Amino acid sequence: MAAMILYPAIDLKDGQCVRLLHGDMDKATVFNASPADQAARFARDGFDWLHVVDLNGAIEGRAVNAEAVADILGAVSIPVQLGGGVRTLEGVERWIEAGVSRVILGTVAVREPEMVKKAARLWPEQIAVAVDVRDGKVAVDGWVGASDLDPITLSKRFEDAGVAALIVTDISRDGAMTGVNVEGVGAVADAVSIPVIASGGVASVKDIEQLIARKGVPIAGAVLGRSLYNGAIRPAEVIAAAQKKRTA
């Protein structure tokens, strides 16, 4: 089994690196005024990927923090996956040409699944789908809107479409450091053949160990947020934990 890939998160609001509580834009904590500096720190810490989200863009449906993203891309050589406000094929193309390694599509995965499938054909292994879950249903528009889809139904839409990953977020746990929803993420992983990345609520190295240890299809990765910023998780320790193989 391959090592779990860890994705330290850089959430962008008004050009700054922030963390939200439950996705609420009014509950933002600024952790670094320079996203590029934060990206460089994560790269020095030994992480192999970055997870970047344009929070303003997710709500407005267009790129808002493009300058900050460009600064991040200029500051690091490790791959970056980016989401937030990408709604068109042209938008995907712009980001990939700018140097983004993987573009995350969320709202359009609910509303225009054929566009997402086309993107996956045009840019193999460079498209991920965000499966953002609140109260058992998939949220849209930067988590301020709701759909009637459950996470497994949405995920199955993209089976065999060439999507690189599903990023499954439990919104009720995001930024709250209450522990990752191992059961919810695992249910999606077991239902599809697409690699699944867990997001939301990772509070300690123990959460990573629990994701690795669960029975069923291995969880391919995990997004690390507030716990990394406030020191509850130390980079070297969590990287070592992610590299351990499941024993059973």
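Our structure is the block above this text.
Calculation criteria
- Residues numbered from 1 in each chain as written.
- Predicted model: local features only at pLDDT ≥ 70, side-chain atom pairs only at ≥ 80, totals over all residues.
- Heavy atoms only, no water.
- Core = buried A, V, L, I, M, F, W, Y, C linked by side-chain atoms within 4.5 Å.
- Buried < 20%, exposed > 50% of the residue type's maximum accessible area, 1.4 Å probe, protein only.
- Contact = heavy atoms within 4.5 Å.
- Helix = DSSP H or I, 4+ residues; strand = E, 2+ residues; numbered from the N terminus.
- Pairing = 2+ DSSP bridges.
- Right-handed = clockwise from strand over helix to strand, strands pointing away.
- Salt bridge = Lys/Arg side-chain N within 4 Å of Asp/Glu carboxyl O.
- Polar contact = N/O pair within 3.5 Å; in protein donor to acceptor, adjacent residues only side chain to side chain.

Trainee: Describe the nonpolar core, listing the residues and the values that go with them.
Mentor: Formed by 71 residues in total, the largest nonpolar core has its most connected members in L6, I10, L50, L105 and I208. When residues no more than four places from it in sequence are discounted, the contact partners of I208 are M4, L6, V202, A222, L224, V238 and A242. Among the nonpolar cores identified, the runner-up in size contains 10 residues, and Y7, A130, I197 and V223 belong to it.

Trainee: Can you break down the pairing of strand β12 (residues 221-224) residue by residue, with the values?
Mentor: In β12, alternate side chains face the same way, and those of G221 and V223 on one face and A222 and L224 on the other are all buried. Relative to β12, strand β1 (residues 5-13) runs parallel, the two sharing 4 bridges. From the neighbouring strand, I5 faces β12, where its bridge partner is G221. The pairing of strand β11 (residues 196-199) with β12 spans 2 bridges and is classified as parallel. When the sheet's bridge partners are listed, I197 is paired in β12 with G221. For the segment spanning β11, helix α9 (residues 205-213) and β12, crossover handedness is right-handed.

Trainee: Requested: an account of the pattern of salt bridges, with residues and values cited.
Mentor: Should the charged atoms of two oppositely charged side chains come close, the side chains can pair. Counted according to the given criterion, the structure contains 8 salt bridges. A salt bridge links R19 to D11; the shortest N-O distance between them is 2.7 Å. Accessibility expressed as a relative area gives 4% for R19, which makes it buried. On the basis of relative accessible area, D11 is assigned to the buried category, the value being 8%. Note that R214 and D190 form a salt bridge whose closest N and O atoms lie 2.7 Å from each other. Taken together, the residues R214 in the loop between α9 and β12 and D190 in helix α8 (residues 182-191) connect sequence positions 24 residues apart. Taken together, the shared-partner salt bridges in this structure form one network comprising R87, R111 and D141.

Trainee: Explain the side chain of S155 to me, using residue names and the numbers behind them.
Mentor: Note on placement: S155 falls in helix α7 (residues 151-156). At 2.7 Å, the side chain of S155 and the backbone oxygen of P151 are in polar contact. Those residues within four positions of S155 in sequence are excluded, and the remaining contacts are V131, L166, V188, V192 and I194.

Trainee: Lay out the side chain of R87 with the relevant residues and their values.
Mentor: Tracing the chain through its elements places R87 in the loop between β5 (80-83) and α4 (89-98). A polar contact of 2.8 Å, which involves the side chain of R87, links it to the backbone oxygen of A58. Residues in contact with R87, not counting those within four places in the same chain, are A58, G61, T107, V108, E112, M115 and D141.

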